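# Observations on the three-dimensional arrangement
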Amino acid sequence: MTLLQLIQSDYKKHQRYGGNFLGIVFLTQGFWAVFQYRIAHWIYSKITWQPFRFLVMFFTLIWQKVIEMTTGISIPASAKIGHSFYIGHFGGIIINAKTIIGDDCNISQGVTIGVSGIKDNRGVPVIGNAVYIGANAVVAGNISIGNNVLIGACSLVNQSVVNDAVVVGVPAVVVSNKGSKEYI
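Here goes a summary of the coordinates provided. Quantities reported herein were computed from a predicted structural model and do not represent experimental measurements.

What follows covers the overall build of the protein chain. When helices and strands are tallied, the protein chain shows four helices and 15 strands. Against the 2.2 N^0.38 benchmark of 16 Å for 184 residues, the protein chain shows a C-alpha radius of gyration of 16 Å, consistent with a compact globule. Projected onto its principal axes, the C-alpha coordinates of the protein chain cover approximately 50 × 45 × 30 Å. The buried share among the 184 residues of the protein chain stands at 46%. Considering only intrachain contacts with a sequence separation of at least 6, the fraction spanning at least 24 residues in the protein chain is 36%.

Here five strands make up an open sheet; going across it, the order is S1-S4-S7-S10-S13 and the pairing parallel. Unpaired on one side and paired on the other, strand S1 (73–74) and strand S13 (156–157) mark the two borders of the sheet. Pairing geometry for strand S7 (residues 112–114) and strand S10 (residues 138–140), over three bridges, is parallel. Among the inter-strand pairings, Gly114 is bridged to a residue of S10, identified as Ala140.

Right, let's get into the state of the cysteines. Throughout the structure, instances matching the rule amount to zero disulfides. Left without a disulfide partner, Cys105 is nearest to the cysteine sulfur of Cys154, which lies 20 Å away. In this structure Cys105 comes out as buried when scored by relative accessible area, which is 2%.

As a further point, take the layout of surface pockets. Within this model, the largest pocket holds a volume of roughly 160 Å³. Lining of the largest pocket is provided by Met1, Thr2, Leu3, Leu6, Arg38, His41, Trp42, Ser45, Lys46 and Ile81. Elements represented by at least two residues in the lining of the largest pocket include exactly helix H1 (3–16) and helix H3 (29–46). The biggest single contributor to the lining of the largest pocket is H3, with five residues. Tallied by class, the residues present in the lining of the largest pocket amount to five nonpolar, three polar and two charged.

Another aspect to go through is the sheet that holds strand S5 (residues 100–101). In spatial order, the strands read S2-S5-S8-S11; together these four strands make up an open sheet with parallel pairing. Unpaired on one side and paired on the other, strand S2 (80–81) and strand S11 (144–145) mark the two borders of the sheet. As judged from the two bridges shared by strand S8 (residues 126–127) and S11, these two strands associate in the parallel manner. Note that in S11 the partner of Ile127 across the bridge is Ile145.

Now for a nonpolar patch on the surface. On the surface, Phe54, Leu55, Phe58, Phe59, Ile62, Val66 and Met69 cluster together into a nonpolar patch covering about 760 Å² of accessible area. As for its position among the elements, Phe59 is in helix H4 (residues 52–71).

Tallied over the full model, the rule gives eight aromatic pairs. Taking 6.1 Å as the distance between ring centres and 75° as the angle between the ring planes, the aromatic pair formed by Tyr11 and Phe31 counts as edge-to-face. Residue Tyr11 is found in helix H1, and its partner Phe31 is found in helix H3; the two are separated by 20 residues along the sequence. For the pair Tyr11 and Phe31, one class covers both residues: buried. When the ring of Phe35 is compared with that of Trp63, the centres are 6.2 Å apart and the planes differ by 75°; the resulting orientation is edge-to-face. Placement of the pair is Phe35 in helix H3 and Trp63 in helix H4, with a sequence separation of 28 residues. Judged by relative accessible area, Trp63 falls into the partly exposed class, the value being 32%. Through pairs of rings, three or more aromatic residues link up here, namely Tyr11, Phe21, Phe31, Phe35 and Trp63. In this arrangement the basic side chain of Arg53 is found over the ring face of Tyr44, its NZ or CZ atom lying 5.3 Å from the centre.

Analysis parameters
Residues numbered from 1 in each chain as written. Predicted model: local features only at pLDDT ≥ 70, side-chain atom pairs only at ≥ 80, totals over all residues. Heavy atoms only, no water. Helix = DSSP H or I, 4+ residues; strand = E, 2+ residues; numbered from the N terminus. Rg over C-alpha atoms; globule rule 2.2 N^0.38 Å. Buried < 20%, exposed > 50% of the residue type's maximum accessible area, 1.4 Å probe, protein only. Contact = heavy atoms within 4.5 Å. Pairing = 2+ DSSP bridges. Disulfide = S-S within 2.5 Å. 1 Å grid on protein atoms, 1.4 Å probe; cavity = no way out; pocket = protein on both sides within 12 Å on 5 of 7 lines; lining within 4 Å. Points joined across faces, edges and corners; volume = space filled by probe spheres on them. Nonpolar A, V, L, I, M, F, W, Y, C, P; charged D, E, K, R; others polar. Patch = residues over 30% accessible without salt bridge, like charges linked within 9 Å, V, L, I, M, F, W, Y side chains within 5 Å. Areas by Shrake-Rupley, 256 points an atom, 1.4 Å probe, with all protein chains shown as cover. Salt bridge = Lys/Arg side-chain N within 4 Å of Asp/Glu carboxyl O. Phe/Tyr/Trp six-rings, centres within 6.5 Å; stacked < 30°, edge-to-face > 60°. Lys NZ or Arg CZ within 6 Å of the ring centre and 35° of its normal.

In short, the description is geometric, and any link to function would need to be established separately.
Below, the structure written as structure tokens:
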């Protein structure tokens, strides 16, 4: 997908949850953060000519820090996020720079997706398509989250999760195989 198509898919996903153009563009902090990420990731991925890359990435990093301070959402340019990404509420969202997130995913406030583990088990999650991550959940470690997974609020996911699972708790355990369909 092109940069414009990715931004449009994110915008349309925000529209599905209610809101008009003015509300989404000017009042939705989650959209601001995703919009900034899309542009920063495009620059990170496509511009290779030095010293121009350094200069543009410097300004992109400043913009990212302004968005972080304004919204409480940190999405580094090096993270890989699929189309139709939705952040429902602002605040306390940290995504590791090496994270991979699939298409059509939703993240709630207070979510951390980060590095964990020791030696060969140290790493960052790979998150599948159509995954819903509830408020204040932590997903950490060298793990994979399958497609259509629902991660409940305040859960700690530190083990891989199969497709269509619903996981909750600390540490998270599978409680259902109904998946995220009703939440995405």
